[in-house]
Amino acid sequence: MEKIDFCKAEKVKGEENQMEEKKTNQQSRVAESEIIIDSVQPYRENYQMRMLKNNRIPGLLRVSGCGMEGASRYYYHTGHSQSLETYYKNKDIRAEEILKLTRQFLSVMENLI
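The text that follows walks through the structure, step by step, so that each part is easy to find.

Basis of the calculations
Residues numbered from 1 in each chain as written. Predicted model: local features only at pLDDT ≥ 70, side-chain atom pairs only at ≥ 80, totals over all residues. Heavy atoms only, no water. Helix = DSSP H or I, 4+ residues; strand = E, 2+ residues; numbered from the N terminus. Buried < 20%, exposed > 50% of the residue type's maximum accessible area, 1.4 Å probe, protein only. Contact = heavy atoms within 4.5 Å. Areas by Shrake-Rupley, 256 points an atom, 1.4 Å probe, with all protein chains shown as cover. Salt bridge = Lys/Arg side-chain N within 4 Å of Asp/Glu carboxyl O. Polar contact = N/O pair within 3.5 Å; in protein donor to acceptor, adjacent residues only side chain to side chain.

### A closer look at the overall build of the chain
Consideration 1: Helix and strand counts for the chain stand at three helices and four strands.
Consideration 2: Relative to its full complement of 113 residues, the chain shows a buried share of 22%.
Consideration 3: Restricting to contacts in the chain with at least 6 residues of sequence separation, those with at least 24 account for 59%.
Consideration 4: Total accessible area on the chain stands at roughly 9,100 Å², and carbon and sulfur atoms take up 53% of it.

Structure representation (structure tokens):
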């Protein structure tokens, strides 16, 4: 099986970036975890992607991306965090926790404006 190197970026003209088909998986390393999203859309190294890669934005995961052979791969660096699905898999979520999560989400959104 041929190994695809997703670390060589392919630049594409245009700002539209519609992900028609994407595949998500989670990968853990000793130092940190990543959420990996593969897309059939060509990778675009536009100004939005450069801003996300080169700036630490409070409340957002660090992201990097690359592409090869017309496809894209995006890496969301989660550190040692775990997904809500994993965290609440074997425990009940209470109303107070939902309110806290909602407030945190709204705070991140306000900071992005």
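### Quick word on the pattern of salt bridges
Any two side chains of opposite charge can pair if their charged atoms end up close together.
Consideration 1: All told, the structure shown has three salt bridges when counted by the stated rule.
Consideration 2: Where D38 meets R73, a salt bridge forms, and the shortest distance between an N and an O atom there is 2.6 Å. Here R73 lies in strand β4 (residues 71-79) and D38 lies in strand β2 (residues 33-39), a separation of 35 residues in the sequence.
Consideration 3: Its relative accessible area of 12% is what places D38 among the buried residues.
Consideration 4: K53 is paired through a salt bridge with E45; the nearest N and O atoms lie 3.4 Å apart.

### Let's talk about the side chain of E45
Consideration 1: Structurally, E45 is set in the loop between β2 and α1 (47-54).
Consideration 2: A polar contact is formed between the side chain of E45 and the side chain of K53, at a distance of 3.4 Å.
Consideration 3: Contacts of E45, omitting those with residues within four sequence positions, involve R50 and K53.

Purely geometric stuff here, so don't read any function into it on its own.
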